[in-house]
Amino acid sequence: METIIHQIMQSVVQKMLKRIQEKKTLDEWATETLEDCKAMAIEIAQVCCDEMNKEIRKNKSSRKEKGLVLKEKERKRSLLTVLGNIQIHRDYYYDTINDCYTTPLDHILGLRPYERIGEEICARLVQESTESSYAKSAKIVCDSMVSRQSVRNCILKVNLPQEQEKEVSKKSVPELHIYADEDHVHLQKPKKQKGKKMQIVPLVTITEGTMKQTESRNKTIEPVHFVHQHFDTKELWRDVEQYIQTHYETQDLQKIYLHADGGQWIKNGLEDYPERIVVIDGFHAEKEIKSLSRMFPKKNIRQRLNKAFLENNQDKAIDILNELLQESSDKKQLEKLTKKIGYLLNHWEGIVHRKTLDIPGSCTEGQVSHVLSKRFSREPLGWSKTILGKLSKLRVYVKNGGQITGKDFQRMEAMSSSIGEEAKENLRNKLDWSIFDGEPWIFDRKSGTQILLHAIGKAGKDKIC
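Treat the numbers as computed from the prediction; the structure is a model and nothing was measured.

Things to note about a nonpolar patch on the surface
Together, Val13, Leu17 and Ile20 line one region of the surface with nonpolar side chains, adding up to about 230 Å² of accessible area. Looking at where isoleucine 20 falls in the secondary structure, it is placed in helix α1 (residues 2-21). In this structure isoleucine 20 comes out as partly exposed when scored by relative accessible area, which is 35%.

Rendered as structure tokens:
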């Protein structure tokens, strides 16, 4: 077998030298050589797998002990890897002890039944699909050698990566800023039913504040995002609390600012922290005030209400709003007005905090747009609830700096028998790598290799001149 491998490698070296003689550019030479090296690696892998399969077949005593009866020789199977498609041939056996059919070589190589895509390729597809569509992910990772459905299947098979349990040095910071909001994502409806079906995807982002990036742009400090696979807000807040307790000295925290639009699920978060201060997002507060101002353009509502908020004078604001109610005779306008007044009064404290405290502006909408909407709701897409939950969790994991690898897929357990180890050991003993030391390097200036290299160099120099 080592002779075959030697011949394969010699063939690749000859191709490399031939391309140098053809006076290709360095970039062209590197590109073509990379493809040759990949092809060489695939061929060597196939040779090794074939030899290992033969070793298993020859080991009759061990097969008899484990109850393996040969049924079919050299069944073909292909696996898409980072090198390309690797074709292997393995024998098919009947397991008399467990009353089932099996392929020992698959167990030795860690191949799952019916699997056609390697785990590292699956990991790259999933990683890319957190940013791009299924079709684009397949194009980028493997030049569209797999279908969109295959990319989706990879997402379903991946195990959600867990944070490594390691000791983290806790930070001591005076305050945290937490931004909470949700995205509204379209779901698929069975049998193309009409109408819309939406799923709310809650998002929580923990930061240590903001820093100035440019004259008109700020950047959040150490942002960490959280979503829940099953959209459970209680479990989501538990994850947030656990992160705070693990990464920060809670006794040093003086303030925890919770920026939100006033949703009830957000108000329920971090209730056990006395340092929590709810701050209504400026966009939503100003939206309601401006809307009232447009409904009554001659009443100077915006300035009067802002003054009441700055003075924290709720009675004054109630008088202004009652005045508007008395002047509203239209039923539709009255219903709309009542709803807006209810929002302002129910979130009075949060709006006062927004307008009076010296804190950074809220970026809840920006976080949702950047983390969730860009992938899930900005384009006219429809999602299944299962995929939406899993892919949103994976996207947040990647946004937090995580990397999806082949280890995040459930590997096939190795065979309990010693057949695999015996086959590998026989293969190791059979290889004789001394064949590569048979021809020492020749540094004689009169040798054919040195004459060729000298001629190539001279030709290149003459061309430059």
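Comments concerning the confidence of the model for the protein
Summing up the model confidence of the protein, the mean pLDDT is 84 and the portion of residues at 70 or higher is 86%. Segment residues 412-418: pLDDT under 50, and 14 contacts once partners within four positions in sequence are set aside and those in other chains are kept. Taken together, the stretch residues 461-465 has pLDDT below 50 and engages in 0 contacts with residues farther than four places along the chain or on a different chain.

Thoughts on the sheet that holds strand β4 (residues 175-186)
The 5 strands lie next to each other as β8-β5-β4-β9-β10, forming an open sheet whose pairing is mixed. Strands with a single pairing partner mark the edges of an open sheet, and in this sheet they are β8 (224-226) and β10 (276-280). Each neighbouring strand pair of the sheet contributes to a mean axis angle of 25°, computed without reference to strand direction. Relative to β8, strand β5 (residues 198-207) runs antiparallel, the two being bridged by 3 bridges. Paired with valine 204 across the bridge in β8 is phenylalanine 226. Docked against the sheet, helix α15 (residues 364-376) engages β4, β5, β8 and β9 (255-260), running at close to 35° with respect to β4.

Remarks on the pattern of salt bridges
This model, assessed by the stated rule, comprises 22 salt bridges. With a shortest N-O distance of 3.0 Å, arginine 112 and glutamate 115 are connected by a salt bridge. Taking relative accessible area as the criterion, arginine 112 reaches 14% and is therefore assigned buried. Residue classification places glutamate 115 among the buried residues on the basis of a relative accessible area of 10%. Between lysine 299 and glutamate 323 there is a salt bridge, and its shortest N-O distance comes to 3.3 Å. Here glutamate 323 lies in helix α12 (residues 314-327) and lysine 299 lies in the loop between α10 (282-295) and α11 (301-311), a separation of 24 residues in the sequence. Salt bridges linked by common partners bring Arg112, Glu115, Glu119 and Lys157 together as one network.

Describing the packing of aromatic side chains
Between two aromatic rings, the relevant description is the distance of the centres plus the angle of the planes. Summed over all chains, the structure comprises 7 aromatic pairs. With centroids separated by 5.4 Å and ring planes inclined at 70°, the aromatic side chains of phenylalanine 226 and tyrosine 243 adopt a geometry described as edge-to-face. Of the two residues, phenylalanine 226 sits in strand β8 while tyrosine 243 sits in helix α8 (residues 233-247), which places them 17 residues apart along the sequence. Tyrosine 243 shares its class with phenylalanine 226; the two are buried. Residues tryptophan 237 and tryptophan 265 carry aromatic rings whose centres are separated by 6.1 Å and whose planes lie at 40° to one another, so their mutual orientation is tilted.

Side note on the packing of α15 against helix α16 (residues 385-399)
Contact geometry of α15 with α16 gives a least axis separation of 11 Å together with a crossing angle of 135°. Considering the angle they form, α15 stands oblique to α16. The element α15 and its partner α16 pack so that their crossing is right-handed. The segment α15 lies against α16, with His370, Val371, Leu372, Lys374, Arg375 and Phe376 engaging Leu388, Leu391, Ser392, Arg395, Val396 and Lys399. Within the contact of α15 with α16, the residues separate by chemical class into 6 nonpolar, 2 polar and 4 charged.

Comments concerning the sheet that holds strand β2 (residues 85-95)
Spatial ordering of the open sheet is given by β1-β2-β3, a layout of 3 strands whose pairing is antiparallel. Strands with a single pairing partner mark the edges of an open sheet, and in this sheet they are β1 (68-80) and β3 (100-102). Each strand of the sheet is rotated relative to its neighbour by a mean of 25°, with strand direction disregarded. Pairing of β2 with β3 involves 3 bridges; the strand directions are antiparallel. Note that in β3 the partner of tyrosine 94 across the bridge is tyrosine 101. Relative to the sheet, helix α2 (residues 26-58) contacts β1 and β2, its axis offset from that of β2 by approximately 10°.

Some words on the side chain of threonine 130
Of note, threonine 130 is situated in the loop between α5 (119-129) and α6 (134-142). Using a relative accessible area of 1% as the deciding quantity, one classes threonine 130 as buried. There is a polar contact of 2.6 Å between the side chain of threonine 130 and the backbone oxygen of glutamine 127. Sequence-distant contacts of threonine 130, defined by excluding residues within four places in its chain, comprise Arg375, Leu391, Leu394, Arg395 and Val398.

Rules behind the numbers
Residues numbered from 1 in each chain as written. Predicted model: local features only at pLDDT ≥ 70, side-chain atom pairs only at ≥ 80, totals over all residues. Heavy atoms only, no water. Patch = residues over 30% accessible without salt bridge, like charges linked within 9 Å, V, L, I, M, F, W, Y side chains within 5 Å. Areas by Shrake-Rupley, 256 points an atom, 1.4 Å probe, with all protein chains shown as cover. Salt bridge = Lys/Arg side-chain N within 4 Å of Asp/Glu carboxyl O. Helix = DSSP H or I, 4+ residues; strand = E, 2+ residues; numbered from the N terminus. Buried < 20%, exposed > 50% of the residue type's maximum accessible area, 1.4 Å probe, protein only. pLDDT = per-residue confidence, 0-100. Contact = heavy atoms within 4.5 Å. Pairing = 2+ DSSP bridges. Axes fitted to C-alpha atoms, helices over the stretch in contact; angles between N-to-C directions. Phe/Tyr/Trp six-rings, centres within 6.5 Å; stacked < 30°, edge-to-face > 60°. Parallel < 35°, antiparallel > 145°, perpendicular 65-115°, else oblique. Left-handed = near helix turned anticlockwise from the far one by under 90°. Nonpolar A, V, L, I, M, F, W, Y, C, P; charged D, E, K, R; others polar. Polar contact = N/O pair within 3.5 Å; in protein donor to acceptor, adjacent residues only side chain to side chain.

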